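Below are the chains, spelled out letter by letter.
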Amino acid sequence: DAKTTQPPSMDCAEGRAANLPCNHSTISGNEYVYWYRQIHSQGPQYIIHGLKNNETNEMASLIITEDRKSSTLILPHATLRDTAVYYCIGLNDYKLSFGAGTTVTVRA
Amino acid sequence: DAGVIQSPRHEVTEMGQEVTLRCKPISGHDYLFWYRQTMMRGLELLIYFNNNVPIDDSGMPEDRFSAKMPNASFSTLKIQPSEPRDSAVYFCASRRTGRSYEQYFGPGTRLTVT
């Protein structure tokens, strides 16, 4: 699985967009980029995934660079309930394994 | 849908005791996963089942850990005997065939072994 690098923390103002970067320079051609998040005292929650095209769903957008070495998760209008640890993962099978992730704090 | 249900939510036990964690996956999901999460090691996959059959148990730490899935709606993870280093949050997750990227996690069981 690809090694991913994320900033340890970031703050975001409520109602503004939150842009979460992730570097995955070792990602292989058949590995997807997944994003999960974990709100305090809850289980991880799937957000979005992509291979090489940009993706959007009801929760977020995922922008993957053309060389696939990095991606950005965008939360378009952050709310206080989006405060969580966000994990970027590169893998091509079922074995989810989270690193330290980015702790996102949304402030009113 | 009720989501993945785990019980108990919290368990405190003494070293040497048997611990049984329970999980009810989402109806219709044919894959079930058991994970363990600690500050030191992050999230680790212990074992997963497909159609009630254990497929990969390479993450199970040692023989003290065992998992069963007697039917599609119930699974257990048992630790016997428990040790302080087993203290962690244990998550159960499920998914269905064709949506390999989207695992649904339960709320977890926080296990403390003293």
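In what follows, the accompanying structure is described.

All names here are of chain B. Summed over all chains, the structure comprises nine aromatic pairs over all chains. For the ring pair Tyr 31 and Tyr 48, a centre distance of 6.2 Å and an interplane angle of 20° mean the geometry is stacked. Linking Tyr 31 in strand β4 (residues 31-38) with Tyr 48 in strand β5 (residues 42-50), this pair joins segments that are 17 residues apart in sequence. Here the aromatic rings of Phe 33 and Tyr 48 are separated by 5.3 Å at their centres, their planes lie at 20°, and the arrangement is stacked. Here the residue Phe 33 occupies a position in strand β4, and Tyr 48 occupies one in strand β5, the gap between them amounting to 15 residues. For Tyr 48, a relative accessible area of 8% gives the class buried. Sitting above the plane of the Tyr 31 ring, Arg 95 keeps its charged end 3.8 Å from the centroid.

Attention now moves to the environment of Glu44(B). All names here are of chain B. As for its placement among the helices and strands, Glu 44 is situated in strand β5. Excluding its chain neighbours within four sequence positions, the residues that come into contact with Glu 44 are Trp 34, Tyr 35 and Arg 36. At 2.8 Å, the side chain of Glu 44 and the side chain of Arg 41 are in polar contact.

Residues and elements named next belong to chain A. Counted according to the given criterion, the structure contains two disulfides over all chains. Between the sulfur atoms of Cys 22 and its disulfide partner Cys 88 the distance amounts to 2.1 Å. Between Cys 22 and Cys 88 the disulfide shows an S-S torsion of about -80°. By sign, it is left-handed. Of this pair, Cys 22 sits in strand β2 (residues 18-23) while Cys 88 sits in strand β8 (residues 84-91), and the two are 66 residues apart along the sequence.

Quick look at the interface of chain A and chain B now. Quoted interface sizes are often the accessible area lost when the parts come together. In this complex, chain A contributes 15 residues to the contact, which on the side of chain B involves 18 residues. Linking chain A to chain B there are zero salt bridges. Counting across the chain A and chain B interface gives two residue pairs in polar contact (both at pLDDT 80 or more). Among the secondary structure elements, those contributing two or more residues to the side of chain A that touches chain B are β3 (32-38) and β4 (45-50) of chain A. Ranked by residue count, the leading element in the side of chain A that touches chain B is β3(A), at three residues. Residues that form the side of chain A that touches chain B fall into these classes: eight nonpolar, six polar and one charged.

Moving on to the sheet that holds β2(A). All names here are of chain A. Within the open sheet, the four strands sit side by side as β2-β7-β6-β5. Their pairing is antiparallel. Either end of the sheet is taken by a strand with one partner, and the two such strands are β2 and β5 (55-56). Note: β5 against strand β6 (residues 61-64), two bridges, orientation antiparallel. Its bridge partner being in β6, Glu 55 is matched across the sheet by Leu 62.

With that out of the way, let us pick up the pairing of β4(B). Residues and elements named next belong to chain B. Most of β4 sits inside the fold, with seven of its eight residues counted as buried. The sheet contact formed by β4 and β5 spans eight bridges and is antiparallel. Among the inter-strand pairings, Leu 32 is bridged to a residue of β5, identified as Phe 49. Hairpin geometry of β4 and β5 is characterised by an intervening segment of three residues between the two adjacent antiparallel strands. Pairing of β4 with strand β9 (residues 88-95) involves seven bridges; the strand directions are antiparallel. Of the residues in β9, the one forming a bridge with Trp 34 is Cys 92.

Criteria and cut-off values
- Residues numbered from 1 in each chain as written.
- Chains lettered and ligands numbered in written order.
- Predicted model: local features only at pLDDT ≥ 70, side-chain atom pairs only at ≥ 80, totals over all residues.
- Heavy atoms only, no water.
- Phe/Tyr/Trp six-rings, centres within 6.5 Å; stacked < 30°, edge-to-face > 60°.
- Helix = DSSP H or I, 4+ residues; strand = E, 2+ residues; numbered from the N terminus.
- Buried < 20%, exposed > 50% of the residue type's maximum accessible area, 1.4 Å probe, protein only.
- Lys NZ or Arg CZ within 6 Å of the ring centre and 35° of its normal.
- Contact = heavy atoms within 4.5 Å.
- Polar contact = N/O pair within 3.5 Å; in protein donor to acceptor, adjacent residues only side chain to side chain.
- Disulfide = S-S within 2.5 Å.
- Salt bridge = Lys/Arg side-chain N within 4 Å of Asp/Glu carboxyl O.
- Nonpolar A, V, L, I, M, F, W, Y, C, P; charged D, E, K, R; others polar.
- Pairing = 2+ DSSP bridges.

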